[in-house]
Amino acid sequence: EVQLVESGGGLVQPGGSLRLSCVASGFTFSTYAMSWVRQAPGKGLEWVSTINTGGSSTSYSASMKGRFTISRDNANNTLYLQMNSLKPEDTAVYYCAKPTRPYYYSDYDVKEYDYWGQGTQVTVSS
């Protein structure tokens, strides 16, 4: 059974940092590119970032580029999202997501993904 378990969210002041983690199980993590997406209150899912299987290629949404860093530890089946210079508009539930196909690395398309974690809440507020 595929499981994606996020952690690391919380309340942080504007300008602060958080590091999110996503522990994966039930599939061969190292053969899947992985993504982070988020959902702000009252809005739809928004793509944040994607990383390829080996971690050598990454992509980011324009509003997060330069502030967020995606990484992975294949030995420990864990995906990370380092978030710096957080803004109130970054407030959302953050999810890690697994694509349906191994080695699939492309612009985020929800139709190409089959599992999302339960999410971790990030609140940026003073």
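The sections below set out a description of the structure shown in this document. Just so it is clear, the structure is predicted and the values come from calculations on it, not from any experiment.

Concerning the pattern of salt bridges
Argument step 1. Here the structure, examined in full by the defined rule, presents six salt bridges.
Argument step 2. The partner of Arg67 in a salt bridge is Asp90, and the shortest N-O contact between them spans 2.7 Å. On the criterion of sequence distance, the pair formed by Arg67 in the loop between β6 (58-60) and β7 (68-73) and Asp90 in the loop between β8 (78-83) and β9 (92-99) is long-range, its members being 23 residues apart.
Argument step 3. Judged by relative accessible area, which is 1%, Asp90 ranks as buried.
Argument step 4. Where Arg101 meets Glu112, a salt bridge forms, and the shortest distance between an N and an O atom there is 3.0 Å. Highlighted residues: Arg101 in the loop between β9 and β10 (113-116) and Glu112 in the loop between β9 and β10, separated in sequence by 11 residues.
Argument step 5. Looking at Arg101, the relative accessible area reads 42%, which means it is partly exposed.
Argument step 6. Overlapping salt bridges, with partners in common, bring together Arg38, Glu46, Arg67 and Asp90 in one network.

Calculation notes
- Position numbers for residues count from 1 along each chain, tracking the sequence in the order it is written.
- Confidence filtering applies because this is a predicted model: local features only for residues at pLDDT of at least 70, side-chain atom pairs given and counted only at 80 or more, and all residues used for totals across whole chains, interfaces and linings.
- Hydrogens and water molecules were not included; the side-chain quantities draw on all heavy atoms of the structure.
- Salt bridges are counted wherever a side-chain nitrogen of Lys or Arg sits within 4 Å of a carboxyl oxygen of Asp or Glu.
- Counting from the N terminus, the helices are the DSSP runs of H or I reaching at least four residues and the strands are the DSSP runs of E reaching at least two.
- To sort residues, take the accessible area from a 1.4 Å probe on protein chains only and compare it with the maximum for the residue type: under 20% means buried, over 50% means exposed, and anything in between is partly exposed.

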